[in-house]
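# Topology and contacts: notes
What follows is each chain in one-letter form.
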Amino acid sequence: MEMDKKYALLDADFLYKSHLARNSKNYTLTDFVMEFAEYEFFCHEMIREELSRHELNPNPNPWLEDKIKAGKVKLYTDREIVSELGKLYGKEATNAYLELMKTSCDTFNADFYEQYYGSLNVLENLEDVEVFLAALKVCDDNVPHKKGLGEKKTYVLIQMMEIMYGNRVYVFCSDDFKARQSIVGLETPVHCISILGVFYKLMKLGKEKSEMQEYYNRLSAFLKNQTEYKVWSISGHQREGVPIQQVFDEIYDEKFQMLGNGDLQYIK
């Protein structure tokens, strides 16, 4: 593979919000992201499952299915993650998966792993992949739908990709600040790109402000009661609220840089 190739994961929150940011011809912000030639795109199968559970309007799931079938997005199952880990760790692949899963769960909820996956620690025949995957599926099915399992499975995949590809891993991700900080806190830095970061990248690529304003307006309309975005001050010591439209104007006035966690920061 090309050494400059970037490996990008898509999370559910990003897929939904970038899908609703669209123009009158229903071309979406996510379609622009697919045009970023330097990236290969991935997501965990739990993201597809979670998106299919909700009555979203517009629903990004048909779009995602099309991209998976077209080979634009590689869908990873837990079986495939264990298989990749097996190439690195041999019979310890299932143990390695559990370590990644525990790190993922602990990042978001301190007791989550023990509550829902603790039984796997005492599983007999842990090295038997089929036994392990069957037991893992039982644990997954016991997690309530609103507990954000897709986010946690994505974090497992992020860690696996980081082991395989080092600092060439990127995540097009949630607006959740804590989640993004956790991702960039991995031993090898993983880069985050938020929705605002996509507008920033498109500006850098020469997309006209007048064209992108329509996409931004559709996203802003969804936010309803939110009137500001948080951006970093020049000093980087604090985040400050800036009116939503002002942020877009200042992206095109090139007043920001994009940080590794996906946030925007004012530059001198």
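The notes below deal with the structure included here. Note that this is a predicted model, so its numbers are computed, not measured.

The subject of this paragraph is helix α1 (residues 12–20). Of all 9 residues that make up α1, 8 are buried, and the element is covered over most of its length. When α1 is considered as a whole, its buried residues turn out to be A12, F14, L15, Y16, K17, S18, H19 and L20. Regarding α1, its N-cap is D11, as a side-chain oxygen of that residue lies 3.3 Å from the backbone nitrogen of D13 further along.

Time to look at a nonpolar patch on the surface. A cluster of nonpolar residues, L88, Y89 and I163, forms a patch on the protein surface that exposes about 260 Å² of accessible area. Locating I163 in the fold gives a position in helix α9 (residues 149–165). Taking the relative accessible area as the measure of exposure, I163 reaches 35% and is therefore partly exposed.

This part is about the state of the cysteines. Simply put, disulfide is the name for a covalent bond between the sulfur atoms of two cysteines. Applying the stated criterion to the full structure yields 0 disulfides. C139 takes part in no disulfide bond, and the closest cysteine sulfur to it belongs to C105, at a distance of 10 Å. Of the residues examined, C139 reaches a relative accessible area of 4% and is grouped as buried.

We now examine the packing of aromatic side chains. Enumeration over the complete set of coordinates arrives at 23 aromatic pairs. Taking 5.5 Å as the distance between ring centres and 80° as the angle between the ring planes, the aromatic pair formed by Y39 and Y170 counts as edge-to-face. Residue Y39 is found in strand β2 (residues 39–44), and its partner Y170 is found in strand β4 (residues 169–172); the two are separated by 131 residues along the sequence. Comparing Y39 with Y170, the two get one shared label, buried. Ring geometry for F108 versus Y155: centroids 5.7 Å apart, planes at 85°, classification edge-to-face. Within this pair, whereas F108 is found in helix α6 (residues 93–108), its partner Y155 is found in helix α9, the two being separated by 47 residues in sequence.

As a further point, take the nonpolar core. Considering soluble globular proteins, one finds that nonpolar side chains tend to be buried as a cluster. Ranked by size, the top nonpolar core spans 49 residues in total, and within it L10, L29, F41, F172, F199, M212 and V247 carry the most contacts. Among the elements that take part in this core, helix α11 (residues 195–204) stands out by supplying 7 residues, more than any other. Beyond its immediate chain neighbours, meaning those up to four positions away, F41 contacts A8, L10, V33, M34, F36, K72, V73, K74 and F172. Grouped together as the second largest cluster of nonpolar side chains are 41 residues, V82, A93, C105 and Y155 included.

The rules behind these values
- Residues numbered from 1 in each chain as written.
- Predicted model: local features only at pLDDT ≥ 70, side-chain atom pairs only at ≥ 80, totals over all residues.
- Heavy atoms only, no water.
- Buried < 20%, exposed > 50% of the residue type's maximum accessible area, 1.4 Å probe, protein only.
- Helix = DSSP H or I, 4+ residues; strand = E, 2+ residues; numbered from the N terminus.
- Polar contact = N/O pair within 3.5 Å; in protein donor to acceptor, adjacent residues only side chain to side chain.
- Patch = residues over 30% accessible without salt bridge, like charges linked within 9 Å, V, L, I, M, F, W, Y side chains within 5 Å.
- Areas by Shrake-Rupley, 256 points an atom, 1.4 Å probe, with all protein chains shown as cover.
- Salt bridge = Lys/Arg side-chain N within 4 Å of Asp/Glu carboxyl O.
- Disulfide = S-S within 2.5 Å.
- Phe/Tyr/Trp six-rings, centres within 6.5 Å; stacked < 30°, edge-to-face > 60°.
- Core = buried A, V, L, I, M, F, W, Y, C linked by side-chain atoms within 4.5 Å.
- Contact = heavy atoms within 4.5 Å.

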